[in-house]
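# Structural overview
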Amino acid sequence: FSFEFSLAVPDPAAVLAALRFADGTRLAGLAGLGAGPSDAPLAPALAPGDWDGDGDEDLFVTGDRPTLLRDDLGLMEDVTEAAGLPRSPLGPARFADLDNDGHLDIVAVSPAGLRIFQATGEETFTDGSPAPEPAGTRRARALHDVLAADLDHDGDLDLFAVGDGGYLLLRNGGEAGWADLTEPWGLAGGADAAGREAAFADLDDDGDLDLIVADEARGTRVFSNERGGRFKERAGAVPAGPAWSVAVADYDNDGAFDLALAASGRVVVLRNRGDGTFVRDDAAARPLARAAGVRAVRFVDVDNDGRQDLVTAGAGGVRIHHNDGGRFTGLSGRLPDGLGEVRRIAVADYNQDGDLDLFALTPDGVRLLRNDGGNVNHYLDLRLTGLATGSGKNNRFGIGSRIEVRAGDLYQVLIADDPTVHVGLGANRKADVVRIEWPNGVGQDIYFPGTDQDLEDQILKGSCPFLYTWTGERFEFQKDIMWKSALGMPTGIQGNQGRRAYAPAAASVEYVRIPGDALAERDGRYTLQVTEELWETIYFDEVDLVAVDHPDDVDVYVNERFVPPGPPVSLDLRYVRDRRPARAYTGRGRDVTEELARRDFRFVGDFDLGPVQGLAEWHDLVLDPGAVPEDATLRLYLSGWVFPADASLNVQLAQSGAEGLRAPELQVIGPDGAWT
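Residues numbered from 1 in each chain as written. Predicted model: local features only at pLDDT ≥ 70, side-chain atom pairs only at ≥ 80, totals over all residues. Heavy atoms only, no water.

### Section: the overall build of the chain
Tallying secondary structure elements over the chain gives 3 helices and 44 strands in all. Buried positions account for 48% of the 676 residues belonging to the chain. Of the contacts formed within the chain by residues at least 6 apart in sequence, a portion of 55% connects residues at least 24 apart. Just so you have it, the chain exposes about 31,900 Å², and 49% of that area is on carbon and sulfur atoms. (Helix = DSSP H or I, 4+ residues; strand = E, 2+ residues; numbered from the N terminus. Buried < 20%, exposed > 50% of the residue type's maximum accessible area, 1.4 Å probe, protein only. Contact = heavy atoms within 4.5 Å. Areas by Shrake-Rupley, 256 points an atom, 1.4 Å probe, with all protein chains shown as cover.)

Set out below in structure tokens:
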């Protein structure tokens, strides 16, 4: 978050007039770092990212001789060999946490397809590439770009690559590895495809990530995410021809993601109609007409005013076009002389001073263009942190999240395509509200966000409806109504072994116990409330209140099991006189007798959670019933809380080959003294 606070309100014109990009190449230790010839089989590229987790942006330079750089107090140090990376040729690359362990891995284009270098967490990498020469990596004759995004919204990042002769989709199956699902997902692209660059965003605002491909042969293509592992190309969605580069941002601050293209050496700006189709905004792009020979475009808020400016690169060098309320104006005299041709550009806050710098790849090597003055306006750096062990609902850095920020009268929407999302606030000292829509669909609102705050407080994606009763003074939560399934819920965790299966649509019949002292009259009526707190919509056909009269020393229970979908259950009442276990222990030997003595929402939970929400390591609860007559029938009634996997996690678990649900087991000590 921004540490730059002052009482003075900066004048926008003065901020822009003072803005300069200085050549910081030598001071950063980048002088002499070559990138290889442009006609090499694999084009060199730049990938910034904090791969060592120390809070500053490092850099990976690919080409004939890849170089991994670590930012050490502003000086870039070559640590390629020490990190265990090869010097063999690599093309475009990305940093991404592919295994959700909190450490950035590397995925890169190689002559044999995609290579994955897995971070060990100790500032080294190991080769974690897909199985040798999977069929998909041979589909395209040459790959030119790769991105990582959670395209099936199951909590981990998948890989999408574009190139000559087709595209490639590798689905992340966790422990099961990578699966080439290019054809089934509808992303093959065609044998005549010549994909140059790809990007992702929710273009039609339907809650899932779509894909955009800049294709030199087939034009700019939009693939709409239809969910369930299906993409559909939206023919005619983008009125533009062949393109080399694509950038995504909401440049007109209307809440929809727009596009900028490097097409036939020129810049094309496309405004989103709001439904994932685009119209050329020639008025916005008219000042860009002088930018000829453009091969790369990037949206960058260079002055932190909360509007996305446009940076272009190509034969004519680098040009910066300031966003003046949805129209772009060229800024001259802001860049160092002698840049010449620039093949690629990358964006990062290299020196952590609150404004975005540029890395430029030229025929002579890598250049650092340090932003001096952009941080006069205020800013906010968002670092999303997905919950890890025991959750798994979102990828670790929230890649693909939609972020809305309101600061005063400034409103903007951004896509989380990096672990750090930089937000310009203009003259506003702080943001008023930040809304995050995580990849699993949950919205999270943060008002007046604090400094250095990791964001993911949300626990559930969807939940059963909550039941409240009037107790005489207020409404109090009693329990959730568990239902049997949601309509269309994937049931992969329940043993379908990768087959697409869904819960039946039949209505659920359920009986819920309400203790007598939890319901009091209110104006001559018993009042109950059922709320849906999260991401589901519930439908009721019938609700009845059944009163059961019983002696004071007897409790009445109904069977409230959380079971897979099946036949309706009948009302089955059990009358139980209060009898608690004499002693109770966990499998680790901890005495939990007092915790189980009453229904007070204190649960026994000292066991290890599994990798995702809904799974736990196998564990024991040992109950000593005390003295029981030999001819007595002993029945066990348990009251607890179910924290199930949700639909997206069911999909993830089915892909990973994880075991299905294992029901609790009841064991007793037999005559031989052994548990059976």
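Having seen it, we continue.
### So, the pattern of salt bridges
Overall, the coordinates contain 25 salt bridges when judged by the stated rule. Across the pair Arg 115 and Asp 127 runs a salt bridge whose closest N-O atoms are separated by 2.8 Å. Residue Arg 115 is located in strand S8 (residues 113–119), and its partner Asp 127 is located in strand S9 (residues 125–127); the two are separated by 12 residues in the primary sequence. Among the ionic pairs, Asp 281 bridges to Arg 327, the shortest N-O distance being 3.7 Å. With Asp 281 in the loop between strand S21 (278–280) and helix H2 (282–285) and Arg 327 in the loop between strand S24 (317–323) and strand S25 (328–331), this pair connects stretches of sequence that are 46 residues apart. Among the charged side chains, a salt-bridge network with shared partners connects Arg 70, Glu 77 and Glu 123. (Salt bridge = Lys/Arg side-chain N within 4 Å of Asp/Glu carboxyl O.)

### So, the sheet that holds strand S4 (residues 67–72)
Either a parallel or an antiparallel arrangement is found when strands of a sheet pair, and the pairing is made through backbone hydrogen bonds. Spatially, S2-S3-S4-S5 is the arrangement adopted by the 4 strands of the open sheet, whose pairing is antiparallel. Each of the sheet's edge strands pairs with one partner strand only, and the pair in question is strand S2 (46–49) and strand S5 (75–78). Pairwise comparison of adjacent strand axes, ignoring direction, gives a mean angle of 25° for this sheet. (Pairing = 2+ DSSP bridges. Axes fitted to C-alpha atoms, helices over the stretch in contact; angles between N-to-C directions.)

### So, the packing of aromatic side chains
Tallied over the entire structure, the rule returns 10 aromatic pairs. Between Phe 160 and Tyr 167 the ring centres are 5.9 Å apart and the planes differ by 80°, which places this aromatic pair in the edge-to-face class. Tyr 167 shares its class with Phe 160; the two are buried. Taken together, Phe 160, Tyr 167 and Phe 223 form an aromatic cluster joined through their ring pairs. The ring of Trp 470 has Arg 522 lying over it, and the distance from NZ or CZ to the ring centre is 4.2 Å. (Phe/Tyr/Trp six-rings, centres within 6.5 Å; stacked < 30°, edge-to-face > 60°. Lys NZ or Arg CZ within 6 Å of the ring centre and 35° of its normal.)

### Considerations on the sheet that holds strand S31 (residues 410–415)
Strand order in the open sheet formed by 4 strands is S31-S30-S33-S34, and the pairing between neighbours is antiparallel. Bordering the open sheet on either side are S31 and strand S34 (443–447), each of which pairs with just one other strand. On average, each strand axis in the sheet is tilted by 15° relative to the strand beside it, whichever way the strands run. The sheet contact formed by strand S33 (residues 433–437) and S34 spans 5 bridges and is antiparallel. Pairing of Val 434 across the sheet is with Ile 446, part of S34.

### Focus: unusual backbone geometry
Positive phi outside glycine occurs at Glu 123, with the angle close to 65°. Mapping Glu 123 onto the fold places it in the loop between S8 and S9. Classification of Glu 123 by relative accessible area gives partly exposed; the value is 38%. Non-glycine residue Ser 264 carries a positive phi angle of around 55°.

### Details of the side chain of Thr 586
The residue Thr 586 is located in strand S43 (residues 583–586) in this model. Apart from the residues within four sequence positions on either side, Thr 586 is in contact with Val 592, Val 604, Asp 606 and Asp 620.

### Describing the pairing of strand S16 (residues 219–225)
The buried fraction of S16 amounts to 7 of the 7 residues, a majority that puts the element mostly inside the structure. Of the strand pairs in this sheet, strand S15 (residues 210–215) and S16 are connected by 5 bridges, and their pairing is antiparallel. Counterpart to Ala 214 in the pairing with S16 is Thr 220. Remark: 3 residues form the turn of the hairpin made by S15 and S16, two consecutive strands paired antiparallel. As paired strands, S16 and strand S17 (residues 231–233) are joined by 3 bridges and run antiparallel to one another. Among the inter-strand pairings, Asn 225 is bridged to a residue of S17, identified as Phe 231. Hairpin connection of S16 to S17: 5 residues between the antiparallel strands, including Arg 227 at a positive phi of 70°.

### Section: a nonpolar patch on the surface
On the surface, Phe 601, Phe 603, Trp 641 and Phe 643 cluster together to form a nonpolar patch covering roughly 430 Å² of accessible area. Structurally, the position occupied by Phe 643 is in the loop between strand S44 (621–624) and helix H3 (647–656). (Patch = residues over 30% accessible without salt bridge, like charges linked within 9 Å, V, L, I, M, F, W, Y side chains within 5 Å.)

### A look at the confidence of the model for the chain
Looking at the chain as a whole, its pLDDT mean stands at 86, while 87% of the residues score no less than 70. Confidence drops under pLDDT 50 across residues 1–7; counting only partners more than four residues distant or on other chains, this segment forms 25 contacts. For the stretch residues 456–460, pLDDT sits under 50, and the model shows 24 contacts to residues farther than four places along the chain or on other chains. (pLDDT = per-residue confidence, 0-100.)

### Comments concerning the environment of Val 434
With respect to the helices and strands, the residue Val 434 is situated in strand S33. Taking the relative accessible area as the measure of exposure, Val 434 reaches 1% and is therefore buried. It is 6.4 Å that separates the C-alpha atoms of Val 434 and Tyr 447, two residues lying 13 residues apart in sequence. Every residue in contact with Val 434, bar those within four places of it in the chain, is listed here: Leu 380, Leu 382, Ile 403, Glu 404, Val 405, Gln 444, Asp 445, Ile 446 and Pro 449.

### Some remarks on the environment of Ala 616
Locating Ala 616 in the fold gives a position in the loop between S43 and S44. Discounting chain neighbours no more than four positions away, the residues touching Ala 616 are Phe 607, Asp 608, Leu 609 and Gly 610.

### What about the side chain of Glu 197?
Along the chain, Glu 197 falls in strand S14 (residues 195–201). Engagement of the side chain of Glu 197 in a polar contact is seen with the backbone nitrogen of Val 246, the distance being 2.9 Å. At 3.1 Å, the side chain of Glu 197 forms a polar contact with the side chain of Arg 298. Once residues lying within four places of it in the same chain are set aside, the contact partners of Glu 197 are Asp 145, Val 162, Ile 212, Val 213, Ala 214, Trp 244, Ser 245, Val 246, Arg 298 and Arg 344. (Polar contact = N/O pair within 3.5 Å; in protein donor to acceptor, adjacent residues only side chain to side chain.)

### Re the environment of Ala 431
Relative to the helices and strands, Ala 431 is located in the loop between strand S32 (420–426) and S33. With 17 residues separating them along the chain, Ala 431 and Phe 448 place their C-alpha atoms 5.8 Å apart. Leaving out residues up to four positions away in the same chain, Ala 431 has contacts with Leu 380, Val 405, Arg 406, Ala 407, Leu 425, Phe 448 and Pro 449.

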